[in-house]
Amino acid sequence: MESDTLANVEPVRVEVDVAHVQTLNHTEQFDVAEYVVVRRDVSLPVQLLSNAAARVEKAVLTHTSGNEVQVDAVCRGTSTVVELALPVTTPIGVYQLTLSGKAGERTFQAQLKQKIFVLFNAWSKNDGAFIDGDEERQEYVLKSDCRLYVGNLSGMPWNLALYRPDTLRAVALLLSASSLKFQQLADPIHVSRELSGLVNEKVVQGSWDSTYTGGRPPTFWRGSGQILQQYYNSHGAPVKYGQCWVYSGVFLSVLRVLGFPSRSITNFNSAHDTNRNRTVDQYYNDKGEEVEYLSTGKDTVWNFHCWNEVHVQRPDLHPCFEGWQVVDATPQEESPHGGGYCTGPTSLKAVKEGHSVSYDTDFVIAEVNADIKKYILEDGAPRLFQVDTSTVGKDISTKAVGSDQRVDVTDSYKYPDGSVQERDALYSNYKELVEANYELSFYVPLVSHTPGSDITLEVHITNSGGKRPVEVVGHVTCSAVMYTGKILRGVDKKVVRQRVGVGATEVVKMGAGERILAEFPGERAYLMFDILLAHNGSVQVFEHKVYVGPTAPKMEVTLSPSSHLGLGEEAKVTVQFTNPLPFKMDTVSLNVENDNLLHEDLVHEIGDIGANATIYYNFNIIGLKIGTFRLVVGLSSDHVQLVTGEAEVVVTGVRESTDGPASLMHLIMTGMTGGKELESLSIMDSITGVDLNTTANRRTHQTDRYESSGGLIVRRGQPITFFLLLGKSLPPGTKFISRATFNLGTRSLSKKHHSFQVDANSMVEGNKIRIELNTPSDAPIGRYYVVLTLDKGGHVMVVEKNIDLILLFNPWCNADICHYGGCTEDLGEYILSTVGHIWTGTAESSYGRPWQHSQFMKDTLEVSLSLLDQMRESSFDPVKVSQYFATRVTSQDGHGILMNTGSGDYSRGKSPSSWVGSAQVLSEYRKSKSPVKCGQCWVASGLLTTLLRSIGIPTRSVTIYGSASSSLGQDVVQYFTEDGIEVPSPTSIWPYHVLNEVYLARNDLPKGFGGWQVLDSSPQQEREQGTKGVSLGPAPQLAVKRGLGMRHNAEKFSGLVNGLVRSYLIHRDKSLTLAHVDASLVGRKVCTKAVGVAIRGGVAPHDITVDYKDGTSRASLSSTTELTLTLDVANDVVIGNSFLVKVMLTNMAARSVQCQVLVTGQGSSHPGDRGRVLRCSLNQSLVLEAGQVKELGLLVESSDYLWNIGGDGFLKFVAMAVINEGGATKGCLVTSRSVRVKTPDISIDIPTGALHLYKPAVLKVKFANTLGKRLTNGSFHLFGGGHVLDTEMSVGPVSPWSPTEAILETVPLKKGQFQVVVRFTSDQLVDLIGHMQLEVLD
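Keep in mind that this is a model prediction, so the values were computed, not measured. (Residues numbered from 1 in each chain as written. Predicted model: local features only at pLDDT ≥ 70, side-chain atom pairs only at ≥ 80, totals over all residues. Heavy atoms only, no water.)

1. Focus: the overall build of the protein chain
Helix and strand counts for the protein chain come out as 24 helices and 78 strands. The proportion of buried residues among the 1338 residues of the protein chain is 55%. Sequence-distant contacts, at least 24 apart, represent 69% of the contacts inside the protein chain between residues at least 6 apart. A total of about 55100 Å² of accessible surface is found on the protein chain, and carbon and sulfur atoms cover 49% of it. (Helix = DSSP H or I, 4+ residues; strand = E, 2+ residues; numbered from the N terminus. Buried < 20%, exposed > 50% of the residue type's maximum accessible area, 1.4 Å probe, protein only. Contact = heavy atoms within 4.5 Å. Areas by Shrake-Rupley, 256 points an atom, 1.4 Å probe, with all protein chains shown as cover.)

2. Observations concerning the packing of aromatic side chains
Applying the stated criterion to the full structure yields 29 aromatic pairs. Judged by centre distance (6.1 Å) and plane angle (85°), the rings of tryptophan 851 and tryptophan 938 are edge-to-face. Of the two residues, tryptophan 851 sits in strand E48 (residues 846-852) while tryptophan 938 sits in helix H21 (residues 937-950), which places them 87 residues apart along the sequence. Accessibility classification places tryptophan 851 together with tryptophan 938 in one group, the buried group. Among the aromatic residues, those joined into a cluster by ring pairs are Tyr820, Tyr830, Tyr999 and Trp1012. Lying across the ring of tryptophan 324, arginine 263 places its NZ or CZ 4.1 Å from the centre. Above the face of the phenylalanine 723 ring, lysine 768 is positioned so that its terminal group lies 4.3 Å from the ring centre. (Phe/Tyr/Trp six-rings, centres within 6.5 Å; stacked < 30°, edge-to-face > 60°. Lys NZ or Arg CZ within 6 Å of the ring centre and 35° of its normal.)

3. Considerations on the sheet that holds strand E78 (residues 1328-1337)
Whenever strands of a sheet pair, they do so through backbone hydrogen bonds, lying parallel or antiparallel. Strand order in the open sheet made by the 5 strands is E72-E78-E77-E74-E75, with mixed pairing throughout. Edge positions in the sheet fall to strand E72 (1251-1252) and strand E75 (1287-1291), since each has one partner strand and no second. Where strand E77 (residues 1312-1321) lies against E78, 9 bridges are found, and the strand directions are antiparallel. Note that in E78 the partner of valine 1317 across the bridge is histidine 1331. (Pairing = 2+ DSSP bridges.)

4. Here we look at the pattern of salt bridges
Enumeration according to the criterion identifies 51 salt bridges in this entry. Aspartate 408 is the partner of arginine 406 in a salt bridge, and the nearest nitrogen-oxygen pair spans 3.5 Å. (Salt bridge = Lys/Arg side-chain N within 4 Å of Asp/Glu carboxyl O.)

5. What to know about the sheet that holds strand E27 (residues 505-512)
Overall, antiparallel pairing links the 3 strands, which are arranged E23-E24-E27 in an open sheet. Here the strands that pair on one side only, and so sit at the sheet edges, are strand E23 (440-443) and E27. Recorded for the sheet is a direction-independent mean angle of 20° between the axes of neighbouring strands. Bridge analysis of strand E24 (residues 455-463) against E27 gives 8 bridges, and the strand direction is antiparallel. Among the inter-strand pairings, leucine 457 is bridged to a residue of E27, identified as methionine 510. (Axes fitted to C-alpha atoms, helices over the stretch in contact; angles between N-to-C directions.)

6. Points about the packing of helix H18 (residues 858-870) against H21
One can describe the packing of H18 onto H21 by two numbers: an axis separation of 9 Å at closest approach and a directional angle of 80°. By the angle between their axes, H18 is roughly perpendicular relative to H21. Contacts between H18 and H21 involve Thr860, Leu861, Val863, Ser864 and Leu867 from the former and Thr946, Leu947 and Ser950 from the latter. Split into classes, the residues belonging to the contact of H18 with H21 amount to 4 nonpolar, 4 polar and no charged. (Parallel < 35°, antiparallel > 145°, perpendicular 65-115°, else oblique. Nonpolar A, V, L, I, M, F, W, Y, C, P; charged D, E, K, R; others polar.)

7. Some details on the nonpolar core
Core analysis: the largest hydrophobic core is formed by 83 residues, its most contacted members being Phe117, Leu195, Trp245, Leu258 and Tyr413. For leucine 258, the contacting residues outside a window of four places in its chain are Ile92, Phe117, Leu119, Phe120, Val171, Leu175 and Leu195. Judged by nonpolar contacts, the second largest core, of 58 residues, contains Leu1184, Val1196, Ala1215 and Leu1259. (Core = buried A, V, L, I, M, F, W, Y, C linked by side-chain atoms within 4.5 Å.)

8. What to know about the side chain of aspartate 877
By the element assignment, aspartate 877 lies in the loop between H18 and helix H19 (878-889). As a buried residue without a salt bridge, aspartate 877 has its nearest oppositely charged side chain in lysine 880, at a separation of 4.8 Å. There is a polar contact of 2.9 Å between the side chain of aspartate 877 and the backbone nitrogen of valine 879. For aspartate 877, the contacting residues outside a window of four places in its chain are Phe809 and Ile817. (Lys, Arg positive; Asp, Glu negative; His and termini not counted. Polar contact = N/O pair within 3.5 Å; in protein donor to acceptor, adjacent residues only side chain to side chain.)

9. As for unusual backbone geometry
Of all residues except glycine, most have a negative phi; of all peptide bonds, most are trans. Residue cysteine 934 is bonded to the preceding lysine 933 through a cis peptide linkage, with omega at 5°. Structurally, the position occupied by cysteine 934 is in strand E50 (residues 932-935). Of note, threonine 587 is a non-glycine position whose phi angle comes to about 50°, a positive value. By the element assignment, threonine 587 lies in strand E33 (residues 585-592).

10. A word on the environment of alanine 1039
Structurally, alanine 1039 is set in helix H22 (residues 1037-1042). With 26 residues separating them in the primary sequence, alanine 1039 and glutamine 1013 have C-alpha atoms 9.2 Å apart.

11. A short note on the state of the cysteines
Here the structure, examined in full by the defined rule, presents 0 disulfides. Cysteine cysteine 813 remains unbridged, with the sulfur of cysteine 818 as its closest cysteine sulfur at 8.8 Å. Classification of cysteine 818 as buried rests on a relative accessible area of 0%. (Disulfide = S-S within 2.5 Å.)

12. Quick notes on a nonpolar patch on the surface
A cluster of nonpolar residues, Tyr1254, Leu1285 and Leu1309, forms a patch on the protein surface that exposes about 300 Å² of accessible area. Inspection of the secondary structure assignment puts leucine 1285 in the loop between strand E74 (1274-1279) and E75. Looking at leucine 1285, the relative accessible area reads 43%, which means it is partly exposed. (Patch = residues over 30% accessible without salt bridge, like charges linked within 9 Å, V, L, I, M, F, W, Y side chains within 5 Å.)

13. Digging into the side chain of asparagine 25
Looking at the element boundaries, asparagine 25 is found in the loop between helix H2 (18-24) and strand E2 (35-39). When its relative accessible area of 2% is taken as the criterion, asparagine 25 is described as buried. If near-sequence neighbours (up to four positions away) are discounted, asparagine 25 is found in contact with Val37, Val38, Arg39 and Val42.

14. Topic: the packing of helix H5 (residues 188-203) against helix H7 (residues 244-257)
Axes are the key here: two packed helices are described by the angle between their axes and the distance separating the axes. Contact geometry for H5 and H7: axes closest at 10 Å, N-to-C directions at 130°. On the basis of their axis angle, the class for H5 and H7 is oblique. Crossing angle aside, the handedness with which H5 passes H7 is right-handed. In this structure, H5 contributes Ser192, Leu195, Ser196, Val199, Asn200 and Val203 to the contact, and H7 contributes Tyr247, Val250, Phe251, Val254 and Leu255. Here the residues of the contact of H5 with H7 sort into 8 nonpolar, 3 polar and no charged. (Left-handed = near helix turned anticlockwise from the far one by under 90°.)

15. Here's the deal with the environment of tyrosine 1064
Looking at where tyrosine 1064 falls in the secondary structure, it is placed in strand E57 (residues 1061-1066). Once residues lying within four places of it in the same chain are set aside, the contact partners of tyrosine 1064 are Val973, Gln974, Tyr975, Phe976, Leu1072, Thr1073, Leu1074 and Ala1075.

16. Considerations on H7
Counted at 1.5 Å a residue, the expected span for H7 with its 14 residues is 20 Å, and the 20 Å between its end C-alpha atoms agrees. In terms of burial, H7 is largely enclosed, as 14 of its 14 residues are buried. Remark: glycine 259 follows H7 within two positions and exhibits a positive phi of approximately 100°. (Expected span 1.5 Å × (residues − 1).)

17. Observations regarding the pairing of strand E28 (residues 526-535)
Among the 10 residues of E28, 9 are classified as buried, and the element is accordingly described as predominantly covered. In this structure, strand E25 (residues 470-481) lies alongside E28, joined through 10 bridges in antiparallel fashion. Counterpart to serine 479 in the pairing with E28 is methionine 528. Pairing analysis gives 8 bridges linking E28 to strand E29 (residues 541-548), with the strands arranged antiparallel. By the bridge assignment, leucine 532 is partnered in E29 with glutamate 543.

18. Side note on the confidence of the model for the protein chain
Averaged over all residues, the pLDDT of the protein chain equals 83, while 88% of them reach at least 70. Taken as a whole, residues 1022-1029 scores under 50 in pLDDT and shows 14 contacts with residues more than four places along the chain or in a different chain. (pLDDT = per-residue confidence, 0-100.)

19. Some points on helix H3 (residues 134-142)
Within H3 the residues assigned to the buried category are Arg137, Glu139, Tyr140, Val141 and Leu142. Looking at the packing, one finds that the buried side of H3 touches E2, H7, strand E14 (262-272), strand E17 (323-328) and strand E21 (394-399).

As structure tokens, this is what we get:
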């Protein structure tokens, strides 16, 4: 009976009254089917639907990041409604709600169909985003339009499109790109700061060079809706193009959607202070010209700059700093507080008072209040002649609450210009002004003009304090500039020589035609008049800049029959515009976006408008929502920008008819098909499924070793064959006209951002249709879904489901850029081999560290596909793909896979030596979604090889022994004290550095530079100034060899392997003596793993030095020829052993020589670390007779270096001979050698002989403890790279100088040849490695 009762219990369902819930949360205007939009600190009522009494025992919100929030669930008495209490500390973002409990006697777990989108709550005093006042919340949180002050004080309307469905989806997509930790998403401070960088990097692509290829100029946009919709539909590709006001408008949409009280701000005469000294420095020569090489690219003053403010609490600062905070999505400089290019939140109170608190306060202070210091160059030396304290930071503007009026908020940013408070806030010493009583005064009236008219500048010069006539000399120059101050071209220059009588006023005039402003397609250009006048015979100099911007002509927008509509009622809109210019306007377009009056955005390309001609354009609107709305029509062209027309539309009531444009469009489309779409249904019904022919396709495409990652994995430029399965037979041999559309992305996203079409051959074979097609060899790679269209005599059927594939590069295809031009068998190494050796150690003692690439594992391909999704550039070009992957392998901004460290401190992660393959790192990265700690160059190189091989780019790891790390060109400079100790220097030589090579055609470079390209994901020095990321390359190997200054840092790579080492002796009085110039230390050897599977017993490196160096030797130089000095030491030493360092001196002079001989050593665990000085050293005074040879020795005991090295590492020994004569240094010799300290080898044996698939197996491992101390907490780790089961075994204490062995049990999981790696660790000794090539049989 009980079982019958349980059987009758229906599954519990969870539902929510979306309209009711969103009304409670002030989110009722959001209407997105897949989301319930709520604010934190508000109860969420949900209803349980069940035919049995149900009670909730647990309620969990699962964030898209995988993190969970458990919420309290309270039932309303006997009601089925459950109240969920969302804590005010809930991180914002998208969640899945899961309820579990009991229904009757049966347990249940049920999920809400919709996702829950949690926002900040400006209505809750407990929320960090709280703002007081209903009118303020209505304006700053809920209002979906605003005004942006773009170059003038009248304001341009901007549609924020807050409630457009794709806006919310775009914001969710943007949040998914955040690097913030889960709990940081609860903090408005962290979120607003992160978003300032994300909007700039991910959503809009900026352009300030008047080039807008492939997109729209910034002046085209009139709202955020089109931009965010395009960003979402393109799966996160930045929209082209924007400038500061576009960024501000889009950022404002994102902020308000997430619940931030926020507004847009415009600062006129906005300073860009690059060095954060709160001044703008300008230099002029005696011709009145601003000196470009001192000013351009440094401090500038923009005509205007737009940013945003958010209203948040600042628990990280004093309470006085709460309230409005500056955040800027057009960050002009990298933040000194970390986070890359982002600005804010910056407290307005801190800006006004001049306090340097987090974040970026100094930069914002300069933007609104910097002094402009003006210098004139006299005999090459600058003389400060003017300090302008009042130009920067004018008319700081925002939209008023509840109206379209402008509000001036300048007094929120600074005290009145010139006041004691203002000077004190800007400087601690506010008296740094140029003050003098001069005879002359200068006055420049405001310049105004109407469109189509010329522009005239006047300068009024008055001799008010003189007792005699004076002569004024100088220049007035006119230039066309961008709003950032960047000069587009010079226009005119006038030489001034004007006599001004006592008490008289003279006027200097200069004119320019407005036509000049229309010469820059798509650019909002300004005329800049730069006035530089001097009192001849006096030190008085006057400089002033005047900017004259274009005045946008008016555009009329009228509605008929009325601007008052009923719901669903249409109206006709007429746009009237007259070209005010005496020449035609080119490339004219109209742009309208309004979610309340249009079903979709309207963009109409008008073309040209003749000189002084008038155009009319009509379109219809429809009342879609009740309310009062602003209809904004934007016009842009190559010659006139930011033309805007407005009309107010009131929608009231309910219209009875439901026949709107949407249903009419459906009827038109049906009529156009002639009904054939209905006839094709019988053919469509016969298709029962899709057979992707996976086995055959993967075999021919060399992708059969990939673990499943969702869809067929194939390579571009190669035929694909699959089948449509039929439920009923069709005539054999029936053919179709077929076409396949490849859509880059996944079906879960409603629209694609890239697609291409190919013709397909289709023919019936039995009970299936055979489809054959080929993809272009230059198609973007990544995840695709395919839509197949088949046409038979006008009967069309479309197959949209179950054709999903992953497209990779194809090095076997001749037409592919990454086609391998060498022996095809080499691709077995550079694409297919999962076994690697990365060379470390020293040039004399190379060590092939085993590395398991695991490029076919699911985690690897998923990471690669994720990186492809994040790329700004199209993924069709392996040059750009390899470069982007290299920037993302190592993390400098929190977005990379691996966190490299050069400090030797691994307390917050794992030691780099603990990694034996890419699978470990990538699996941990996918789980944590944050950079994995810790790595070094060889780990990064192994990862990059794995990722690039996984997508089809031939790749190998390359090691440079004696790699120069220098920012001073190609030479390394070393400094030594008189005690023989090397002191820190900006340059150094690493024992080794590991980078990568990729094999690519270089169609972007001159012929002959294809082939192997050098790529570095963890460069020793940063790439060239002005570029982003932390990688170098890909640079042609040939360009590196020849030292050519070619794209992608070829000259920097050349510096790694070529160049001199200059050694200097630092005397006690700080003077320097050049001791030695050595040409043999840099680039001693370059090697990579040889092609072919490594055999048991080790593998030798493949020396490719000749590919990097031309073989020309350069002579070394010494500061003396009287002595020769050589240093002899073993190439390597097993850790725990003692060894001898020998120094040999030969007196080559015909007389005796007195010298001081020093030998010192330093130890480190990794390249690039200078380490610490060893406990042993040699310091001996000698007198060598003519021709005498003297050998000295330094015994190095294990106790001298073990305290510095606990595993594989390096000892660098420096020998120095200082020749003294008469108490003075006559000469000095320096030489050095690096010694590899290696750990004992682990031997691996198979007692049972052959291994068989899925049969338990054992490996016998053994090593000898070479330390004179007991090893504790030891363990062996077996890494099978997915081929055999990983295992771990602890061992007891290992006695000094004794062997230990263990039996490791495992199970083979795949057949074939592969490599296993065994690693041993203990408290005293780490990084013991053994590896072996195995074969698993059936």
